[in-house]
Amino acid sequence: MITRQRLAAGVCALLAALTAGIAFPTGAVADETAEQAAPKVELVLDVSGSMRARDIDGGSRMSAAKQAFNEVLDATPEEVQLGIRTLGANYRGNDRKTGCKDTAQLYPVGTLDRTEAKTAVATLTPTGWTPIGPALLKAADDLDGGNGTRRIVLISDGEDTCQPLDPCEVAREIAAKGIGLTIDTLGLVPDAKTRDQLSCIADATGGTYTSIQHKEELTDRVGQLVERAADPVVTPVAVEGATACTSAPTLKSGLYTDREEFGQHRYYRVDVKPGQELRASVSVAADREVNPDYGVLLRAVTVHGREIVRGEAAGNGRTDVISTGLRYPKAESDDENTPAETVCLQVSNSFSAANGVKTTPGMPVELTVDVVDGPDHASDVASFGLGRGWWLLGALVLTGFLAGVLWGWVSRLRIAVWRTN
């Protein structure tokens with residue numbers, strides 16, 4: 001009986017050790033970044049009459065926005081200088097010319113006084129027009145000066161009502177100034193026209209568009225964008241992936257952007273030296289209406305097409321961006337002259353366009369590549385190549401075989417003891 005318990009414990013310990021090695025690889029130390037100017041963010045809120053609609057979790061759009069602002073103000077990092085601008089908050093009349101000038105800075109961009117900012121937000125009441133273009137121009141002026149991160153977060157529930165001042169053209173003009181200002185847009189229960197306009201504004205400055213249906217989504221997304229402003233500024237490099245590994249561009253560590261059509265495969269090459277580890281991640285943004293149930297696949301393959309490792313993710317239409325990643329450590333070599341291995345990164349997707357939606361240009365792709373020194377500790381299972389699919393499968397099969405043999409031997413011993421008794 002005691003012998004059987006010890007053997008069973010040994011099998012469990014073996015399985016636990018293998019699992020722990022796979023699940024908890026040694027972490028890498030992050031690089032330190034240089035000190036930069038204080039990041040600036042201005043939240044631009046649509047306070048037009050349509051914000052009275054009660055279609056967000058049983059409450060009005062305005063109440064959802066106020067709740068989100070209060071929670072975001074509590075969580076804003078100390079180093080972020082934050083301001084709030086409104087559009088359509090003051091003029092209640094029908095004069096279009098006057099209504100299209102209705103934008104005001106509710107709280108100036110600077111060191112945040114949370115109590116004062118919350119008090120200002122609490123006074124807002126849905127009122128008038130939707131002058132998005134004029135509000136963006138004023139917000140760009142509010143953030144003028146300095147070389148730190150500058151970001152506008154626009155929250156609106158409808159189209160601009162002050163044409164012909166097209167907000168898309170305004171965003172393009174802001175981008176053309178080269179001042180490094182990003183505009184992110186959030187649409188509250190948007191229709192197709194609102195979605196197209198807000199997507200256009202975001203695309204013009206390299207920002208993101210998010211469709212919002214619930215309070216929690218609004219709070220989480222605004223909070224993410226404010227926190228992102230505190231991150232070091234990284235300018236993505238435009239690159240064009242190839243349809244085959246042999247003709248793919250060679251990438252170094254960095255952040256890259258591309259576009260990928262529905263169901264397309266894009267290839268990129270990365271050189272990995274012995275003792276190094278390749279870390280890659282990809283995000284594909286659904287910048288237009290797509291059918292639900294889709295996925296993104298990132299594969300690391302050899303130049304001959306053999307898969308090394310993969311990362312994959314699936315979505316069901318609840319988010320506008322889907323991401324996945326992978327790690328590939330290359331073992332060290334005793335020969336200092338061993339050449340680097342060329343690894344091909346394959347990005348593919350299973351998105352499909354909804355009826356009447358254009359399939360070109362392709363969807364925005366953001367690819368992060370990082371080649372770092374490989375793990376030094378033997379406890380990192382990936383350093384032994386177990387991150388490669390066939391090695392991992394072989395290790396699991398061997399473990400299962402040994403466990404089966406030991407359990408069979410224990411069972412035979414138990415039957416022999418029973419017969420003797």
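Everything discussed here concerns the structure shown above.
Predicted, not measured: the structure shown is a model, and the values here were computed from it.

1. Let's talk about the packing of helix 2 (residues 61-75) against helix 8 (residues 215-228)
Two elements in contact, helix 2 and helix 8, have axes separated by 9 Å at closest approach and are oriented at 35 degrees. Helix 2 and helix 8 meet at a crossing whose hand is right-handed. Two secondary-structure elements touch here, helix 2 through Ala 64, Ala 65, Gln 67, Ala 68, Glu 71, Val 72 and Ala 75 and helix 8 through Lys 215, Leu 218, Thr 219, Val 222, Gly 223, Val 226 and Glu 227. Residues belonging to the contact of helix 2 with helix 8 are distributed by class as follows: 8 nonpolar, 3 polar and 3 charged.

2. What to know about the sheet that holds strand 3 (residues 103-110)
On the basis of which strands lie adjacent, the open sheet formed by 6 strands has the order 3-2-1-4-5-6 and mixed pairing. Strand pairing shows two members of the sheet lacking a second neighbour, strand 3 and strand 6 (209-212), which therefore form its edges. When the angles between neighbouring strand axes are averaged without regard to direction, this sheet yields 15 degrees. In this structure, strand 5 (residues 181-188) lies alongside strand 6, joined through 4 bridges in parallel fashion. Among the inter-strand pairings, Leu 186 is bridged to a residue of strand 6, identified as Thr 210. Each of strand 4 (150-156), strand 5 and strand 6 is contacted by helix 7 (residues 192-204), which is oriented at about 165 degrees to strand 5, the strand it contacts most.

3. Focus: helix 6 (residues 167-176)
Taken together, the buried positions of helix 6 are occupied by Pro 167, Cys 168, Val 170, Ala 171 and Ile 174. For helix 6, the arc enclosing every buried residue in end-on projection is 160 degrees, short of the 170-degree limit, so these residues lie on one face. Residues of helix 6 that are buried in the fold lie against helix 5 (132-142), strand 5 and helix 7. Backbone nitrogen of Cys 168 and a side-chain oxygen of the N-cap are separated by 3.0 Å at the start of helix 6; the cap is Asp 166.

4. Comments concerning the state of the cysteines
If you walk through the whole model with that rule in mind, you get 3 disulfides. In this model Cys 168 forms its disulfide with Cys 200; the gap between the sulfur atoms is 2.4 Å. Of this pair, Cys 168 sits in helix 6 while Cys 200 sits in helix 7, and the two are 32 residues apart along the sequence. In terms of burial, Cys 168 and Cys 200 fall into one category: buried. Bridging Cys 245 to Cys 344, the disulfide has an S-S length of 1.6 Å. Of the two residues, Cys 245 sits in the loop between strand 7 (237-238) and strand 8 (254-260) while Cys 344 sits in strand 14 (residues 341-349), which places them 99 residues apart along the sequence. Judged by relative accessible area, which is 11%, Cys 245 ranks as buried. Under the relative-accessibility criterion, Cys 344 is labelled buried at 0%. Here the bonded cysteines of the protein are numbered in sequence order, and their pairing is 1-2, 3-4, 5-6.

Conventions we followed
Residues numbered from 1 in each chain as written. Predicted model: local features only at pLDDT ≥ 70, side-chain atom pairs only at ≥ 80, totals over all residues. Heavy atoms only, no water. Axes fitted to C-alpha atoms, helices over the stretch in contact; angles between N-to-C directions. Helix = DSSP H or I, 4+ residues; strand = E, 2+ residues; numbered from the N terminus. Left-handed = near helix turned anticlockwise from the far one by under 90°. Contact = heavy atoms within 4.5 Å. Nonpolar A, V, L, I, M, F, W, Y, C, P; charged D, E, K, R; others polar. Pairing = 2+ DSSP bridges. Buried < 20%, exposed > 50% of the residue type's maximum accessible area, 1.4 Å probe, protein only. Arc of directions from axis to C-beta. Polar contact = N/O pair within 3.5 Å; in protein donor to acceptor, adjacent residues only side chain to side chain. Disulfide = S-S within 2.5 Å.

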